[in-house]
Amino acid sequence: MTEKEKSSASLNMLAITFAVMASIIMNVLDTTIVNVALPHMQGGLRANVDQATWILTSYMLAMVIVTPMTGLLVERFGQRSLMLGSVTGFIICSALAGQSHSIVEMVVWRFMQGALGASMVPVGQAILVSSYPPERRGVAMATLGMGIMLGPILGPILGGYITDDMSWRWCFYVNVPVGLVALALLIRHVPDGGKSAQPRPIDWLGFVSMATGLGALQAMLSLGNEDNWFSSRTIVTLTVLAVAFLLLFVLRSLDRPNPVVNLRLLRNEALALGSIGIGLFGLALYGVMVILPIFLQEHMGYEAQTSGLVMAPQGMGAMVSMWLAGRLLNRHANPRVLALTGITLGAIGSWLTLSYNLSVSPAWIIWPGVIRGLGLGLISIPIFTIAFSTLTRQETAEGSGLFNLMRNLGGSVGIAIISTIITEYTQVGWNQIGGHITPYEFATPLFLHAARLPLDPRTWAIVGDVLGQQAAMRGILDALVFVFWSFLGMIPIILFMPAPKRSVSPQPEAMLAE
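Residues numbered from 1 in each chain as written. Predicted model: local features only at pLDDT ≥ 70, side-chain atom pairs only at ≥ 80, totals over all residues. Heavy atoms only, no water.

(A) Region of interest: the overall build of the chain. What the chain contains, in helices and strands, is 20 helices and zero strands. A burial count over the chain gives 55% of its 514 residues as buried. For the chain, the exposed area adds up to about 22,000 Å²; of that, 66% sits on carbon and sulfur atoms. (Helix = DSSP H or I, 4+ residues; strand = E, 2+ residues; numbered from the N terminus. Buried < 20%, exposed > 50% of the residue type's maximum accessible area, 1.4 Å probe, protein only. Areas by Shrake-Rupley, 256 points an atom, 1.4 Å probe, with all protein chains shown as cover.)

This is the structure:
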């Protein structure tokens, strides 16, 4: 190969890398950039906390449903066509999400965003692997991993600046120019591949049963608190639908030779325990990402960009520890020791948040976040390594889809549970604290006299505001307790996981938390 040809090949690889990275970063950022803007979107769309969290859960639920279909879609349409279709649809849905004027519109377009973006990371990885020579694929995967980790770092900061200086709607509009640049480069430089002359049949009944069951489960968890749980016919109906369709999905997956998700792989003890562990990991990760913006902006009075700046160090900590975990695993470090170390750090960072109050300083937000981020980075890669250590190469590809499904499902269900805890225990706090604030309570007149507040309606309005803030703080603290126990719940899973017998090359889309 001449120098001119080498230069041309290098430029082509650079263009492919930039196109794939722009697509993936656009997708990953959309998972985190919205979190900081959520309180503003809640007001703009006239939604309560439970309804607003659907903006996050609908996106993740769509990714849970569509991600296992990626391999089957590539066999039918090819990598290039699927990537072009995903990016084009993602751009359109981003623009329409920015135009939303009701929570229903927003949820629909966010679901479509998640469905269209679900294939970007695995297909982007496949494109990079096929475009780079074998000796440089490690560089390609490292570049991909760094791009994926930009989401937790840049998302809160970028979301904060956009929300404060422009509008929350630009959190979606910003995808349009980035996506158009990526689309132009994909059309010009990305080769096709992966298309099969005889693609595997799609088990549509299994896919529909999975989508319906997961959708009913998510709706039941999100709406249960509003409808007083099982005293509501709607919740009972959703529960019956979730159980029936998920049972059908499990039976179908175990019976078909080419299921949507190969649940037979869960006979492997390491993968089964690893899937449960990564589900709890997703719950802990996304739970914190929901709690902190609500706490900082609605109750601490932070601007969106300030809350983004104090949340970003968690992503930096995760990025550092993931790099360290990769280096240590390459030197044959014990992945169980690394995972337990990460769980310990994550639990310590979460335990420090249990002392939060409405006067906490920014340092007490940043440093527990850094510690928690260091822990999160040390958990994901070792769990992946142990879970896939006994799988064959063919099983690894199918197991990766199952692993992704469990992580995103854990995050989606976790967000719904966190939202319920905040709402439920805020009301509990109001009842418990407010029950002691009456004109007939001995301490109440003494407090009001010391504060030089007369016994008139204006005083009770002030007391009501303070009571509301303290009750909300109670709900947030109970949600943080749930996150703390999510970390501790991973300990027995790691202890029961078998020691890996061989090294596994971690796949970024399976192990990195957006």
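Let's pick the thread back up.
(B) Region of interest: the packing of aromatic side chains. According to the stated counting rule, one finds four aromatic pairs in the structure shown. Here the aromatic rings of Trp204 and Phe207 are separated by 5.9 Å at their centres, their planes lie at 85°, and the arrangement is edge-to-face. In this pair, Trp204 and Phe207 are both assigned in helix α11 (residues 204-223), three residues apart and thus about one turn of the helix distant. Note on Phe207: relative accessible area 17%, which makes it buried. Aromatic pair Phe484 and Trp485: ring centres 5.8 Å apart, planes at 70°, arrangement edge-to-face. (Phe/Tyr/Trp six-rings, centres within 6.5 Å; stacked < 30°, edge-to-face > 60°.)

(C) Spatial organisation of a nonpolar patch on the surface. A surface patch of nonpolar side chains, amounting to about 320 Å² of accessible area, comprises Val104, Val108, Phe111 and Met112. Mapped onto the fold, Val108 is located in helix α6 (residues 103-117). Overall, the relative accessible area of 43% leaves Val108 in the partly exposed class. (Patch = residues over 30% accessible without salt bridge, like charges linked within 9 Å, V, L, I, M, F, W, Y side chains within 5 Å. Salt bridge = Lys/Arg side-chain N within 4 Å of Asp/Glu carboxyl O.)

(D) Geometry of the side chain of Thr163. Within the secondary structure layout, Thr163 lies in helix α8 (residues 137-165). Residues within four places of Thr163 in sequence aside, it is in contact with Ala37, His40, Trp168, Cys171 and Ala304. (Contact = heavy atoms within 4.5 Å.)

(E) Spatial organisation of the pattern of salt bridges. Within the structure shown, the criterion is met by two salt bridges. Notably, a salt bridge pairs Arg252 with Asp203, separated by 2.9 Å at the nearest N-O pair. A residue pair is termed long-range when its members are at least 10 positions apart, and Arg252 in helix α12 (residues 233-255) and Asp203 in the loop between α10 (175-189) and α11 qualify at 49 residues. A relative accessible area of 23% places Arg252 in the partly exposed class. Between Asp478 and Arg474 there is a salt bridge, and its shortest N-O distance comes to 2.9 Å. With Asp478 and Arg474 both in helix α19 (residues 457-496) and four residues apart, this pair spans about one turn of that helix. Residue Asp478 is classed as partly exposed on the basis of its relative accessible area, which comes to 22%. Given the relative accessible area of 27%, Arg474 is considered partly exposed.

(F) Representation of the packing of helix α14 (residues 304-330) against helix α16 (residues 363-387). Remark: α14 packs on α16, axes separated minimally by 6 Å, with the N-to-C direction vectors making an angle of 35°. Crossing angle aside, the handedness with which α14 passes α16 is right-handed. (Axes fitted to C-alpha atoms, helices over the stretch in contact; angles between N-to-C directions. Left-handed = near helix turned anticlockwise from the far one by under 90°.)

(G) Structural view of the confidence of the model for the chain. Taken as a whole, the chain shows an average pLDDT of 79; of its residues, 88% reach a score of 70 or greater. In the predicted structure, residues 503-514 sits below a pLDDT of 50 and forms 55 contacts with residues beyond four places in sequence or in another chain. (pLDDT = per-residue confidence, 0-100.)

(H) Quick look at the packing of helix α13 (residues 269-299) against α14. Relative orientation of the contacting elements α13 and α14 amounts to 150°, with a least axis distance of 10 Å. Read as a crossing pair, α13 and α14 show a hand that is right-handed. The residues of α14 that touch α13, namely those facing Leu285, Val288, Met289, Leu292, Pro293, Leu296 and Gln297, are Ala304, Ser307, Val310, Met311 and Gln314. Residues of the contact of α13 with α14, tallied by class, amount to nine nonpolar, three polar and no charged. (Nonpolar A, V, L, I, M, F, W, Y, C, P; charged D, E, K, R; others polar.)

(I) Local environment of the nonpolar core. Met210 and Phe295 are the most contacted members of the largest nonpolar core, which totals 126 residues. Discounting residues that sit within four places of it in the chain, Phe295 has contacts with Met300, Tyr356, Asn357, Leu358, Val360, Ile365, Met473 and Ile476. With six residues, the next largest nonpolar core counts Met322, Ala325, Leu338 and Leu378 among its residues. (Core = buried A, V, L, I, M, F, W, Y, C linked by side-chain atoms within 4.5 Å.)

(J) Layout of the environment of Gly317. Structurally, Gly317 can be placed in helix α14. The buried category is assigned to Gly317, whose relative accessible area is 5%. Separated by 55 residues in the primary sequence, Gly317 and Arg372 place their C-alpha atoms 7.7 Å from one another. Apart from the residues lying within four places of it in its own chain, the contact partners of Gly317 are Val370, Gly373 and Leu374.

(K) Structural view of the side chain of Ser350. Looking at the element boundaries, Ser350 is found in helix α15 (residues 335-353). Residue Ser350 is classed as buried on the basis of its relative accessible area, which comes to 1%. Excluding anything up to four places from it in sequence, Ser350 contacts Arg372, Val483, Phe484 and Phe487.

(L) Representation of the environment of Ala216 within the structure. Its location among the elements puts Ala216 in helix α11. Along the backbone, Ala216 and Ile235 are 19 residues apart, and their C-alpha atoms lie at a distance of 9.3 Å. When near neighbours in sequence (up to four residues on either side) are disregarded, Ala216 contacts Leu238, Leu241 and Ala242.

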